[in-house]
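Coordinates in review
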Amino acid sequence: MLEIKHLSYRVDGEDGGVDILRDVSLTVEDKKFVVVTGPNGGGKTSLARAVMGIYQPTGGSIFWNGEDITRLSVTERAQRGISYGFQQPPRFKGMKVRDLLNVAAGKEMSHDSACDYLTKVGLCARDYIDRDVDASLSGGEVKRIEIATVLARRSELMIFDEPEAGIDLWSFARLTDTFQEIHDKKEATILIISHQERIIRLADEIILIANGAVAARGSVEEIYPKIIADTVTGCSRLEVDRKC
Amino acid sequence: MLNEIQKNILAIVADMKGTGEGAVNIRSDGQKAFRRNTEHIVIESKTDKDGIDIRIAPGTKDESVHIPVVLTKGGFKDMVYNDFFVGEGADVTIVAGCGIHNCSDCDSQHDGIHTFYVGKNAKVKYIEKHYGEGEGEGKRILNPQTVLYLEEGASVTLETSQIRGVDDTKRYTKVECRGAGSEVIIRENLLTHGDQKAVSEMDVFLSGFDTKAQVISRSVAQDASAQIFYPRVSGDNKCFGHVQCDAIIMGSAKVRAIPEISCNHVDASLIHEAAIGRIAGEQIMKLMTLGLTAEQAEQKILEGFLR
Ligand SMILES: Nc1ncnc2c1ncn2[C@@H]1O[C@H](COP(=O)(O)OP(=O)(O)OP(=O)(O)O)[C@@H](O)[C@H]1O
Ligand SMILES: [Mg+2]
């Protein structure tokens with residue numbers, strides 16, 4: 001179980017500090033499929049990065065399976081079963097897709113299992129396994145390879161940051177099937193940051209993050225109508241609700 | 001015949017087990033240590049100066065020549081001239097490479113001047129690795145010069161790398177693509193550490209019609225080491241040239257890249273790109289999320305970059 005308690009993240013800005021996350025508390029139960037959504041700049045990525053250890057929060061704590069991991073390094077969290085697919089994955093000159101998957105798996109992977117992971121994200125393994133993960137790959141290709149590295153880690157908690165971004169319709173369908181399958185087989189806890197209705201509708205629970213705080217959380221039935229209403233009215237109900 | 005130190009260096013710089021296969025010339029501490037000719041490849045010692053002539057018969061296919069140099073005597077200075085005559089239509093791999101083992105407090109130095117005359121439609125892959133080891137205070141110095149003349153339709157790939165432990169190096173590479181349709185690919189990988197210095201100069205002349213050159217330089221400068229690159233490409237006919245210098249800088253190292261392209265013909269098309277920077281934090285973070293420590297992540301990134 002992932003428990004986030006009173007998490008805050010503040011960075012130094014030009015005129016004083018900027019609060020990126022304010023007093024965020026939430027829990028994610030084991031093997032659940034949770035979608036985090038909300039307006040751009042709301043703090044979703046910052047939250048995910050704080051959970052992974054890439055950002056060091058300025059307040060609060062994070063517990064994973066009962067252990068306080070707030071001060072642990074990214075590596076230690078990865079070794080304890082947390083993984084994160086970047087919103088904007090970095091590229092590596094000279095590193096092949098196969099190398100990256102091997103690092104993810106922590107061992108030399110067989111050709112077949114490397115292919116399996118690529119297939120799960122809609123990539124034809126034969127064409128990609130020996131490609132460099134550099135600027136020669138398209139945005140959508142890099143993004144899908146990024147997701148494959150998370151899958152290859154087979155962690156207990158998989159966090160994906162906008163896995164749909166830049167991905168074509170066909171690969172997207174393949175990807176949602178993959179998420180659904182992991183969930184159905186109870187292989188992992190899935191936390192997906194997404195703006196996509198199709199992914200939101202798969203969720204056991206939706207967490208709405210706006211202005212660095214949890215604005216609402218609940219089932220798809222409870223939350224989705226709210227989101228739609230906001231879109232339709234063109235004004236943010238969340239902001240009205242929070243009177244800011 | 002070969003001791004363990006020599007065998008180890010040969011394995012590192014020329015991927016050789018013992019005396020390897022095909023045509024071979026091993027030079028150790030200024031002496032011929034071993035030579036083997038084949039039906040199509042004949043190696044002869046020069047009579048007027050130190051060095052060898054390597055004659056590859058026209059039409060020789062899928063053969064290799066290994067000509068590694070090993071220096072194990074501290075304070076030894078060596079200078080050789082090796083000339084390669086690659087016959088028309090030949091297709092060969094040439095593996096050079098120099099390893100210095102210096103346990104003394106005097107400098108050890110090897111300067112090699114390699115000149116290639118590459119015949120019509122011949123294809124050459126030239127692999128050269130430089131490496132230094134040994135505990136002595138004495139420096140390990142390597143100054144290679146590589147000069148190539150390409151005839152019509154000839155194609156050469158140069159893969160040169162300085163792996164570790166070379167204190168001082170001045171490299172000079174000159175390529176003249178004289179023949180129509182000839183092309184060259186130069187891949188240079190360089191790693192410096194400690195307070196090592198490396199300078200690499202290159203002149204590529206695309207004088208033949210429809211010639212091509214690609215220069216890909218990848219380097220890593222660690223600690224307080226310093227590197228300078230001067231790749232120069234000149235297009236004197238319809239041609240295409242691309243120079244790409246990429247360097248990763250670490251610690252207090254310094255890297256200068258000064259690529260120069262000169263077009264002297266309206267159909268010459270030349271491009272250069274140069275980028276120097278530290279390893280991106282996001283790259284390290286990404287590999288850490290895959291379970292590597294920061295040090296392992298850095299090592300992995302450098303390995304790939306210099307592959
Ligand atoms: N280092 C920083 N300095 C200043 N502001 C920052 C910094 N990092 C993030 N921010 C700001 O924090 C806010 C939250 O960013 P974050 O990336 O977490 O948003 P997000 O919810 O993931 O948005 P999106 O949907 O666009 O991906 C943004 O307004 C962003 O500009
Ligand atoms: Mg984001």
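A brief look at the structure comes next.

Definitions and limits used
Residues numbered from 1 in each chain as written. Chains lettered and ligands numbered in written order. Predicted model: local features only at pLDDT ≥ 70, side-chain atom pairs only at ≥ 80, totals over all residues. Heavy atoms only, no water. Near = heavy atom within 4 Å. Polar contact = N/O pair within 3.5 Å; in protein donor to acceptor, adjacent residues only side chain to side chain. Areas by Shrake-Rupley, 256 points an atom, 1.4 Å probe, with all protein chains shown as cover. Pairing = 2+ DSSP bridges. Helix = DSSP H or I, 4+ residues; strand = E, 2+ residues; numbered from the N terminus. Axes fitted to C-alpha atoms, helices over the stretch in contact; angles between N-to-C directions. Contact = heavy atoms within 4.5 Å. Buried < 20%, exposed > 50% of the residue type's maximum accessible area, 1.4 Å probe, protein only. Core = buried A, V, L, I, M, F, W, Y, C linked by side-chain atoms within 4.5 Å. Left-handed = near helix turned anticlockwise from the far one by under 90°. Nonpolar A, V, L, I, M, F, W, Y, C, P; charged D, E, K, R; others polar. Donors = N, O, S within 2.8 Å, 3.2 Å for Na, K, Ca; no water. Parallel < 35°, antiparallel > 145°, perpendicular 65-115°, else oblique. Buried area = accessible area lost by both parts, 1.4 Å probe. Salt bridge = Lys/Arg side-chain N within 4 Å of Asp/Glu carboxyl O. Phe/Tyr/Trp six-rings, centres within 6.5 Å; stacked < 30°, edge-to-face > 60°.

**Let's talk about the site of ligand 1**
All names here are of chain A. Close to ligand 1 lie 13 residues; G41, G43, K44, T45 and S46 are nearest. Take G41: an N or O atom from its main chain is 2.8 Å from an oxygen atom of ligand 1. Measuring from an oxygen atom of ligand 1, one finds a side-chain N or O atom of K44 at 2.8 Å. Considered on its own, ligand 1 offers 640 Å² of accessible surface; in the complex 61% of this is hidden by protein.

**Regarding the sheet that holds strand β10 (residues 213-218) of chain A**
Residue and element names in this part refer to chain A. Spatially, the six strands line up as an open sheet ordered β6-β7-β8-β3-β9-β10, and their pairing is mixed. Edge positions in the sheet fall to β6 (82-85) and β10, since each has one partner strand and no second. Going across the sheet, the axis of each strand differs from the next one's by a mean of 20°, ignoring polarity. Two elements, strand β3 (residues 33-37) and strand β8 (residues 189-193), share four bridges in a ladder whose sense is parallel. Within β8, the position partnered with V36 by the bridge is I193. Packed onto the sheet, helix α1 (residues 44-52) meets β3, β6, β7 (157-161), β8 and β9 (205-210) and runs at close to 145° relative to β6. Packing of helix α7 (residues 169-184) onto the sheet brings it into contact with β3, β7 and β8, and relative to β8 it is tilted by some 150°.

**A short note on the sheet that holds strand β1 (residues 2-13) of chain A**
Working definition: the strands of a sheet are paired by backbone hydrogen bonds and lie parallel or antiparallel to each other. All names here are of chain A. Within the open sheet, the four strands sit side by side as β2-β1-β4-β5. Their pairing is antiparallel. Each edge of the open sheet carries a strand with a single partner, namely β2 (16-28) and β5 (67-68). With nine bridges joining them, β1 and β2 adopt antiparallel strand pairing. Residue R10 lies in a different strand from β2, and its bridge partner there is D19. Sitting on the sheet, α1 touches β1, β2 and β4 (59-64), and the angle it makes with β1 is about 115°.

**A short note on the environment of A14 of chain B**
All names here are of chain B. Assignment of secondary structure puts A14 in helix α1 (residues 4-14). With relative accessibility at 2%, the residue A14 sits in the buried group. Here the alpha-carbon distance between A14 and G99, two residues 85 residues apart in the chain, equals 9.4 Å.

**Focus on the nonpolar core**
The tendency in soluble globular proteins is for nonpolar side chains to be buried side by side. Formed by 93 residues in total, the largest nonpolar core has its most connected members in I4 and F160 of chain A together with L287 of chain B. Looking at which element gives the most residues to this core, the answer is helix α6 (residues 139-153) of chain A, with seven residues. Apart from residues no more than four positions distant in its own chain, F160 of chain A is found in contact with G85, I147, V150, L151, F179, I190, L191, I192 and I193 of chain A. Counting 39 residues, the second-largest nonpolar core is a separate cluster that includes V124, L158, V204 and A268 of chain B.

**Overview of the packing of helix α2 (residues 281-289) of chain B against helix α3 (residues 294-305) of chain B**
Residues and elements named next belong to chain B. Viewed as axis vectors pointing N to C, α2 and α3 meet at an angle of 115°, and their least axial separation amounts to 9 Å. Pair α2 / α3 crosses with right-handed handedness. Residues Q283, I284, L287 and M288 of α2 pack against A294, A297, E298, K300 and I301 of α3. The residue makeup of the contact of α2 with α3, split by class, is six nonpolar, one polar and two charged.

**Topic: the coordination of the magnesium ion (ligand 2)**
Six octahedral donors around a metal ideally make angles of 90 or 180 degrees; four tetrahedral donors ideally make 109.5 degrees. Residue and element names in this part refer to chain A. For the magnesium ion (ligand 2), every protein donor is listed as T45 (OG1) and Q87 (OE1), and the spread of their distances is 1.9 to 2.2 Å. In this pair, T45 sits in helix α1 while Q87 sits in the loop between β6 and α3 (97-105), placing the two residues 42 residues apart along the sequence. On the accessibility criterion, Q87 (29% relative accessible area) is partly exposed.

**Observations concerning the side chain of N102 of chain A**
Checked against the element boundaries, N102 of chain A lands in helix α3. With residues near it in sequence (within four places) discarded, N102 of chain A still touches K107, E108 and M109 of chain A.

**Some points on the packing of helix α4 (residues 111-120) of chain A against α6 of chain A**
All names here are of chain A. One way to put it is that α4 packs onto α6 with a least axis distance of 9 Å and a crossing angle of 125°. For the element pair α4 / α6, the angle class is oblique. For the crossing formed where α4 meets α6, the hand is right-handed. In contact with Y117, L118 and K120 of α4, α6 contributes A148, L151 and A152. Its residues placed into classes, the contact of α4 with α6 shows five nonpolar, no polar and one charged.

**Let's talk about the interface of chain B and chain A**
Contact residues are listed per partner, giving 19 residues for chain B and 24 residues for chain A. At the boundary of chain B with chain A, total buried surface from both sides reaches about 1900 Å², with 63% on carbon and sulfur atoms. Summed over the three residues of chain B that lose the most area to chain A, namely K286, T289 and L290 of chain B, the buried surface amounts to 34% of that side. On the surface where chain B and chain A come into contact, there are four salt bridges. Among the ionic pairs, R49 of chain A bridges to E282 of chain B, the shortest N-O distance being 2.6 Å. When grouped by side-chain class, the residues that make up the side of chain B that touches chain A number eight nonpolar, five polar and six charged.

**Description of unusual backbone geometry**
Peptide bonds are mostly trans, and most non-glycine residues show a negative phi. All names here are of chain A. Positive phi, normally seen in glycine, also occurs at D23, with a value near 45°. Relative to the helices and strands, D23 is located in strand β2. The phi dihedral of K186 falls on the positive side, at around 50°, and the residue is not glycine. Looking at the element boundaries, K186 is found in the loop between α7 and β8. Since its relative accessible area comes to 52%, K186 is described here as exposed.

**Structural notes on the packing of aromatic side chains**
Tallied over the entire structure, the rule returns eight aromatic pairs over all chains. Ring centres of Y84 of chain A and F86 of chain A lie 5.2 Å apart, and the angle between their planes is 40°; on these two criteria the pair is classed as tilted. We note that Y84 of chain A, like F86 of chain A, is buried. With a centroid separation of 6.5 Å and 75° between ring planes, the pair formed by F84 of chain B and Y126 of chain B is classed as edge-to-face. Note that F84 of chain B is positioned in strand β7 (residues 77-86) and Y126 of chain B in strand β10 (residues 123-133), a separation of 42 residues in sequence. Of the two residues, F84 of chain B and Y126 of chain B, neither departs from the other in class, the shared state being buried.

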